[in-house]
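Single-letter residue listing:
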Amino acid sequence: MADNGQFTGDGESSATTGVPEGTAKSNISRRGFLRGAGITAASTALIDGVQLLHREAAAETTKGNAHVRELGPGPVPVTLNVNGTEHVVQIEPRTTLADALRTHLGMTGTKVVCDHGACSGCTVTLDKVPVNSCMTLAIEVGSRRIGTIEGIAQNGQLHPLQVAFVKHDAMQCGFCTPGMVMSCSALLERNPKPTLADVKKAVSGNLCRCATYPKVFAATLEAAGVAPEKSIS
Amino acid sequence: MNKFIFSDCTSVDAALSQMTGGAVVKAGGVDVLDRMKNGVIEPAKLVNITNIPSLRGIHETDTGVRLGALVTLAELGDHPLLQSQYTVLADAAGHAATPQIRNAATLGGNLMQKVHCWYYRSSDFACLRKGHDMCFAYDGLNQYHAIFDTNVCPSVAPSSTAVALNALNASVELTSTKGKRLVPVREFYIKPDDKHPTMETVIAPDELLTAVLIPKPAAGTRSAYQKYGEKSSYDWAIADAGVVLEMQGDVCRKAAIVMGAASPTPRLAVEAAALLVGKPITEETARAAGLAAMQGATPLSMNAYKVQLFPVAIYRTILLAAGKMDRDPSAAG
């Protein structure tokens, strides 16, 4: 379910690097235009609030058992904590976390490539643990904090890892890059001084068909302040 | 993916009450969602068990270790006790799939995952294993399929933790409203037969896999798991071996050798293990055991290479278990 026109426009490149959209050189990005033409992400919560009022009581029943909650199959309100901000989305239980982020919240930095957990292009973190958002139902995330590529830069400043990715040109087509950055940032969170072997293991699920792995290794080690090892590949 | 009711359960009893009318149990969801996305199953209800606290945790007991069904593959691979005393299991779980999948996939789900034959996993093929008339793998693409027990459905056992647990002679705890029963992993999986080609395990429709119990290993026990594949990560094994050795000094007193991707169920290589007993583990005995494990192999049109590959996987894993060889850098995971 990779989106169309994936190789064009400022919107894609800004989403890839995690820089907030609209701050790129053009004021009207491809994605910004598409959003403006349709439902805006900012109004999603408002619409959800209205729909909530109309929600049928039958959508959620306990059947007298306090240990069972039946949800769906129609849309139900789900609260997602994404990069520290709570969003309420109205989604069917079958909605994956990747789809909730991209389609319902307009956060298209997370990429869906294989949609089967095979490539890790859709990697996000749940309480700082990297998972495949395409193989996670949004409804089961619960109170866990979701981290996406959009939350990596802080206060308009790129994360050191993003700076290192740019410096080392650690991408070619860039489609795997958000997932790579999420895997590597999660690694640095739990292991600030990784070895080359640690970095290789951290991205062992992230498929890069351009084969830019050596530059990802170099960028991650530099961001961690670890001297590169002799053979990086 | 079809629409479904999401039945979120917080107790085992609640989950058991929901397992009716074609409902499918979902833990980490890696295998279930994959089959739903492929249109192979279209359940009206998913019973979510990930919020049941009693199914979590790795607990050391007087008799061994008890693993909750919701323990993730990452937790198994990283656990110090498992790494030191149940190395074969930590190795198998820690080298399965990808880091992202290991963080979500559960032990119970890994044991219950369906076979990965591409005909089975495609909604375009009405195959024998899905309850239809014919197997497409025999005359089709069968390079990753079985070399033993190929007479009905030659898809291979997909779970690497099942290989390890078979070697450790572990048991699964199955819970229903009627109570609990323990089934040895060696009896849990069923070879597909003509009458019941769709059955993969002995679990009943009203039973939930709630835990795995592994007996405490005898003194001198050493173990290892290695898999070989086309890719160094993500992929399922094309040949893998789990080895448990009970050593007394240099001499092997007891051995279990299990192959995963050789047969529709994890295959205990009894003849191979017998060759090690009463002898020191050397390159020679390990090689002989690897070759003996291939007795009776019936490879298909495209997978005779496995008859060459498995002996290598077995002999290198025996030496790894015995501490006489490092982990093979060409092994996957």
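In this text the structure is predicted, and so the values were computed from the model without any measurement. (Residues numbered from 1 in each chain as written. Chains lettered and ligands numbered in written order. Predicted model: local features only at pLDDT ≥ 70, side-chain atom pairs only at ≥ 80, totals over all residues. Heavy atoms only, no water.)

### Digging into the overall build of chain A
When helices and strands are counted, chain A shows 8 helices and 7 strands. Here chain A holds 233 residues, and 45% of them are scored as buried. Within chain A, residue pairs in contact and separated by at least 24 positions form 55% of the contacts whose partners lie at least 6 positions apart. (Helix = DSSP H or I, 4+ residues; strand = E, 2+ residues; numbered from the N terminus. Buried < 20%, exposed > 50% of the residue type's maximum accessible area, 1.4 Å probe, protein only. Contact = heavy atoms within 4.5 Å.)

### Comments concerning the interface of chain B and chain A
Between chain B and chain A, the contact holds 35 residues from the first and 35 residues from the second. Summed over both sides, the interface of chain B with chain A buries roughly 2800 Å², with 53% coming from carbon and sulfur. Contact with chain A buries surface across chain B, with Phe6, Lys37 and Gln100 of chain B losing the most and accounting together for 24% of the total. Between the two partners, chain B and chain A, sit 5 salt bridges. (Buried area = accessible area lost by both parts, 1.4 Å probe. Salt bridge = Lys/Arg side-chain N within 4 Å of Asp/Glu carboxyl O.)

### Considering the pattern of salt bridges
Taken as a whole, this structure holds 22 salt bridges over all chains when the rule is applied. In this structure, glutamate 70 of chain A and lysine 45 of chain B form a salt bridge, with 2.9 Å as the shortest nitrogen-oxygen distance. With one member in each of two chains, glutamate 70 of chain A in strand E2 (residues 68–71) and lysine 45 of chain B in strand E3 (residues 45–48) form a pair that bridges those chains. Accessibility expressed as a relative area gives 8% for glutamate 70 of chain A, which makes it buried. In this structure lysine 45 of chain B comes out as buried when scored by relative accessible area, which is 14%. Between arginine 267 of chain B and aspartate 149 of chain B there is a salt bridge, with the nearest N and O atoms lying 3.6 Å from each other.

### Some details on the sheet that holds strand E7 (residues 145–147) of chain A
All names here are of chain A. Pairing in this open sheet of 5 strands is mixed, and the strands run E4-E3-E7-E5-E6 from one edge to the other. In this open sheet, the two edge strands, each paired with only one partner strand, are strand E4 (85–91) and strand E6 (129–132). Across this sheet, the average inter-strand angle for adjacent strands is 40°, counted without regard to direction. As defined by bridge partners, strand E3 (residues 76–82) adjoins E7 across 2 bridges and the pair is classed as parallel. Bridge pairing in E7 places valine 82 opposite isoleucine 146. (Pairing = 2+ DSSP bridges. Axes fitted to C-alpha atoms, helices over the stretch in contact; angles between N-to-C directions.)

### Digging into the packing of aromatic side chains
Residues and elements named next belong to chain B. If you walk through the whole model with that rule in mind, you get 7 aromatic pairs over all chains. Pairing tyrosine 234 with tryptophan 236 gives two aromatic rings, centres 5.6 Å apart and planes at 70°, and the pair type is edge-to-face. Relative accessible area serves as the criterion here: at 32%, tryptophan 236 is assigned to the partly exposed category. Clustering of aromatic rings is evident, with ring pairs tying together Tyr119, Phe125 and Phe136. When the ring centre of tyrosine 120 is taken as origin, the NZ or CZ atom of lysine 130, which lies over that ring, is 5.8 Å away. Here the guanidinium or amino end of arginine 267 rests over the ring plane of phenylalanine 148, the centre of that ring lying 3.8 Å away. (Phe/Tyr/Trp six-rings, centres within 6.5 Å; stacked < 30°, edge-to-face > 60°. Lys NZ or Arg CZ within 6 Å of the ring centre and 35° of its normal.)

### Brief notes about helix H8 (residues 213–223) of chain A
An α-helix turns once per 3.6 residues; consequently, residues spaced three or four apart project the same way. All names here are of chain A. Here H8 has its buried residues at Val216, Phe217, Ala218, Ala219, Thr220 and Leu221. In the core, the buried residues of H8 are packed alongside helix H5 (160–167), helix H6 (177–190) and helix H7 (196–202). Note on H8: the residue one or two positions beyond its end, glycine 225, has a positive phi of about 70°.

### Digging into empty space enclosed by the protein
Residues and elements named next belong to chain B. This structure, assessed with the given rule, holds 3 cavities of 30 Å³ or more. Its boundaries defined by the atoms lining it, the largest cavity holds a volume of some 70 Å³. As for the largest cavity, its lining consists of 13 residues, and the residues nearest its centre are Cys117, Cys127, Cys135, Phe136 and Cys153. Split by residue class, the lining of the largest cavity holds 10 nonpolar, 2 polar and 1 charged. (1 Å grid on protein atoms, 1.4 Å probe; cavity = no way out; pocket = protein on both sides within 12 Å on 5 of 7 lines; lining within 4 Å. Points joined across faces, edges and corners; volume = space filled by probe spheres on them. Nonpolar A, V, L, I, M, F, W, Y, C, P; charged D, E, K, R; others polar.)

### Details of a nonpolar patch on the surface
Residues and elements named next belong to chain A. Taken together, the side chains of Leu158, Val163 and Val166 define a hydrophobic patch exposed on the protein surface, amounting to about 230 Å² of accessible area. Looking at where valine 166 falls in the secondary structure, it is placed in helix H5. Judged by its relative accessible area of 51%, valine 166 falls in the exposed class. (Patch = residues over 30% accessible without salt bridge, like charges linked within 9 Å, V, L, I, M, F, W, Y side chains within 5 Å. Areas by Shrake-Rupley, 256 points an atom, 1.4 Å probe, with all protein chains shown as cover.)

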